[in-house]
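# Fold and geometry: a report
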Amino acid sequence: MKQIITGPASRFIIAIFVIIRIFSCTPQGCLEESDVRVRGSFYQTGTGKIRKVDSITLFGMGIDTLKIYDRVQNVTSISIPLNAGSDTCTFIMKLDGIADTVTFIYKTVPHFISKECGYTFFHNIEKVTNTRQEIDFLIDNRYISTANEENIRIFL
Amino acid sequence: MKRISAYFFSLFILSGICSTSAQDSISIRRSVKIGADIFGPAYYFTDRNIFAAEGFFSFDIDTARAVVVEAGYLDYKYSQYNYTYLNKGFFMRMGIDFNLLQPETSMGKYYAGIGLRYGISGFRSEVPSFKDDNYWGTVYGSVPPDTYLAHFVEASPGIRTELFRNFIIGWSVRLRILIWSGTGKDNKSIYIPGYGNGTRSFSPGINYYLIWNIPLRKPL
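Residues numbered from 1 in each chain as written. Chains lettered and ligands numbered in written order. Predicted model: local features only at pLDDT ≥ 70, side-chain atom pairs only at ≥ 80, totals over all residues. Heavy atoms only, no water.

### Some remarks on the overall build of chain B
Filter applied, for reference: Secondary structure follows DSSP: runs of H or I at least 4 residues long count as helices, runs of E at least 2 residues long count as strands, and numbering of each begins at the N terminus. Classification of residues uses two cut-offs on accessible area relative to the type maximum, computed with a 1.4 Å probe and protein chains only: under 20% is buried, over 50% is exposed, and between them is partly exposed. Two residues form a contact once any of their heavy atoms are found within 4.5 Å. The method behind every accessible area is Shrake-Rupley, applied with a 1.4 Å probe, and residues are considered shielded solely by the protein chains displayed.
Check the secondary structure of chain B and you find three helices and ten strands. Of the regular secondary structure in chain B, the N- to C-terminal order runs α-β-α-β-β-β-α-β-β-β-β-β-β. Per-residue burial for chain B yields a buried fraction of 48% across its 220 residues. Here the contacts in chain B between residues at least 6 apart in sequence split such that 65% fall between residues at least 24 apart. Taken as a whole, chain B presents about 10,900 Å² of accessible surface, with 63% of it coming from carbon and sulfur.

Have a look at this one:
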């Protein structure tokens, strides 16, 4: 009886377990998307159609040596990283050479990505303000995550 | 969630009420089994960041079925370059073992079958520190300690054999499905006591038991 139980049945169960462990093993390294950015598209005021911007330069206030966009041409959408260490964040955005100061006000929450990637910060935008009156910012989706979804609409 | 729990408890109770003794020519005494898992403590010697202790109790319904209760404790630590995760908690699994061996073969000593369990896990986890890098530099954060309650179900095919009189060894593969993790959308548990990988809806495992068989006076 002991042989019946410990022999073939034993090997069968071991084989099942090994197979399960092989298929359940997660690959090493962070494979999930971990970049959290505000995603926005440019729209034409009046028609509401997506439009291109001839040239855009974007950098954080006080970090003009490190540009997020440096005279990039023919852009219809942009993605902007927020500062998780603060609840406000100000950028200088130059559209076709004309500067605008854009400020985001938001709440920040820690978010678990995966065991391999660890944690990041997601945000909930409360308000967006800017200095140029001819440009309007409309919040489409306040929840800022790693998802590739539009968060703001920039009307020119 | 409450309905799932209620269905499992109903199944558990009904199986006991409807049990009938098998018509055997062999007299097998009803027994109680008490045991402990040694896989968890053994694994601790290879990885000091995971300590798991688990106990086993079963009561024979008849020659083919036994009510089983398993309970245990987990102390889990995980650390890598950008975060540290801590988790401590208790768990309990309840269910029935179905012995697929005929009574003439099992003799009340041997088991080859499958168990079905409902599990519940209560634990406290925290992330003392983590860091995130982006355009603005490195930002440090933490997730404060909080308690959670997770639910899962399990199928456990396994075998047990008597090593010497009333001392049984056995092991089983654990195939678990997570019903409810207890955490929100922003925070998942890397490891759930009694279940395993909390980021997956399916988690396999293995247990190796040392069991003391206590025959009772009443035959099955």
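### Quick look at the sheet that holds strand 10 (residues 152–155) of chain A
Residues and elements named next belong to chain A. Our working definition: In this scheme, strands are said to pair when DSSP sees at least two bridges between them. Every axis in this analysis is a line fitted to C-alpha atoms, fitted for helices over the stretch in contact. Angles between the N-to-C directions lie between 0 and 180 degrees.
Strand order in the open sheet formed by four strands is 4-1-10-8, and the pairing between neighbours is mixed. Of all strands in the sheet, those bounded by a partner on one side alone are strand 4 (77–80) and strand 8 (136–139). Averaged over all adjacent pairs, the angle separating strand axes in this sheet is 25°, with direction ignored. Here strand 8 runs beside strand 10; their pairing, made up of four bridges, is antiparallel. Looking across to strand 10, one finds that Ile-139 is bridged to Ile-152.

### Thoughts on the interface of chain B and chain A
Definition in use: By buried area we mean the combined loss of accessible area, with a 1.4 Å probe, across both parts when two parts are placed together. Any carboxyl oxygen of Asp or Glu that lies within 4 Å of a side-chain nitrogen of Lys or Arg is treated as forming a salt bridge with it. For the purposes of these results, a polar contact is taken to be a pair of N or O atoms within 3.5 Å, where, inside protein, one atom must be able to donate a hydrogen and its partner to accept one; residues adjacent in sequence count only when each atom of the pair is a side-chain atom. Residue polarity is assigned by list, with Asp, Glu, Lys and Arg as charged and Ala, Val, Leu, Ile, Met, Phe, Trp, Tyr, Cys and Pro as nonpolar; anything else, Gly included, falls into the polar class.
Listed per partner, the contact involves 43 residues of chain B and 41 residues of chain A. Buried area between chain B and chain A, both sides added, is near 3,400 Å², and the carbon and sulfur share of it is 69%. Taken as a group, Tyr-135, Trp-136 and Asp-186 of chain B account for 25% of the area that chain B buries against chain A, more than any other trio of residues on that side. At the junction of chain B with chain A, the criterion picks out zero salt bridges. One can count 13 residue pairs in polar contact (both at pLDDT 80 or more) joining chain B with chain A. Ranked by residue count, the leading element in the side of chain B that touches chain A is strand 6 (residues 137–164) of chain B, at twelve residues. In terms of residue class, the side of chain B that touches chain A is made up of 24 nonpolar, eleven polar and eight charged.

### Regarding the environment of Gly-194 of chain B
Residue and element names in this part refer to chain B. Mapped onto the secondary structure, Gly-194 falls in the loop between strand 8 (191–192) and strand 9 (196–197). The class for Gly-194 is buried, based on a relative accessible area of 11%. Those residues in contact with Gly-194 that sit more than four places away from it in its chain are Phe-91, Arg-93, Phe-152 and Arg-176.

### Let's talk about the sheet that holds strand 5 (residues 88–95) of chain A
As summarised here, the arrangement of the six strands in space is 3-2-5-6-7-9 (chain A), forming an open sheet in which the pairing is antiparallel. Of all the strands in the sheet, just strand 3 (67–75) and strand 9 (143–144) of chain A have a single pairing partner and so form its edges.

### Overview of the state of the cysteines
Residues and elements named next belong to chain A. Put simply, the rule is: In this description, a disulfide is simply a cysteine sulfur pair whose atoms lie within 2.5 Å.
Evaluated as defined, the whole model comprises one disulfide over all chains. Note on cysteine connectivity: Cys-30 is disulfide-linked to Cys-117, with sulfurs 1.8 Å apart. Between Cys-30 and Cys-117, the S-S torsion sits near 95°, and that sign places the bridge as right-handed. Of this pair, Cys-30 sits in the loop between helix 1 (2–24) and strand 1 (38–43) while Cys-117 sits in the loop between strand 6 (98–114) and strand 7 (118–130), and the two are 87 residues apart along the sequence.

### Overview of the environment of Tyr-106 of chain A
All names here are of chain A. With respect to the helices and strands, Tyr-106 occurs in strand 6. Judged by relative accessible area, which is 1%, Tyr-106 ranks as buried. A sequence separation of 20 residues divides Tyr-106 from Glu-126, and the C-alpha atoms of the two residues are 5.0 Å apart. Beyond its immediate chain neighbours, meaning those up to four positions away, Tyr-106 contacts Leu-82, Asn-83, Ser-86, Asp-87, Thr-88, Cys-89, His-123, Asn-124, Ile-125 and Glu-126. Polar side-chain contacts of Tyr-106 include one of 2.6 Å to the backbone oxygen of Asn-83. A polar contact of 3.3 Å, which involves the side chain of Tyr-106, links it to the backbone oxygen of Ser-86.

### Section: the pairing of strand 7 (residues 167–180) of chain B
Residue and element names in this part refer to chain B. Strand direction decides the pairing type here: strand 6 and strand 7, joined by eleven bridges, are antiparallel. What sits directly across from Gly-158, in strand 7, is Ser-172. Here strand 6 folds back onto strand 7, and the loop between the two strands holds two residues, one of which, Asn-166, carries a positive phi near 65°.

### Some remarks on the packing of aromatic side chains
Condition: Between rings of Phe, Tyr and Trp, where Trp is taken as its six-membered ring, a pair exists when centres lie within 6.5 Å; planes separated by under 30 degrees are stacked, by over 60 edge-to-face, and by other angles tilted.
Per the stated rule, a full pass over the model turns up 20 aromatic pairs over all chains. Between the aromatic rings of Phe-91 of chain A and Phe-104 of chain A, the centroid separation amounts to 5.9 Å while the plane-to-plane angle is 85°, which identifies the pairing as edge-to-face. In this pair, Phe-91 of chain A sits in strand 5 while Phe-104 of chain A sits in strand 6, placing the two residues 13 residues apart along the sequence. You'll find Phe-91 of chain A and Phe-104 of chain A in the same group, each marked buried. Where Phe-121 of chain A meets Phe-130 of chain B, the ring centres are 5.0 Å apart and the plane angle is 40°; that geometry is what we call tilted. Here the residue Phe-121 of chain A occupies a position in strand 7, and Phe-130 of chain B occupies one in strand 5 (residues 111–134), the pair thus bridging two chains.

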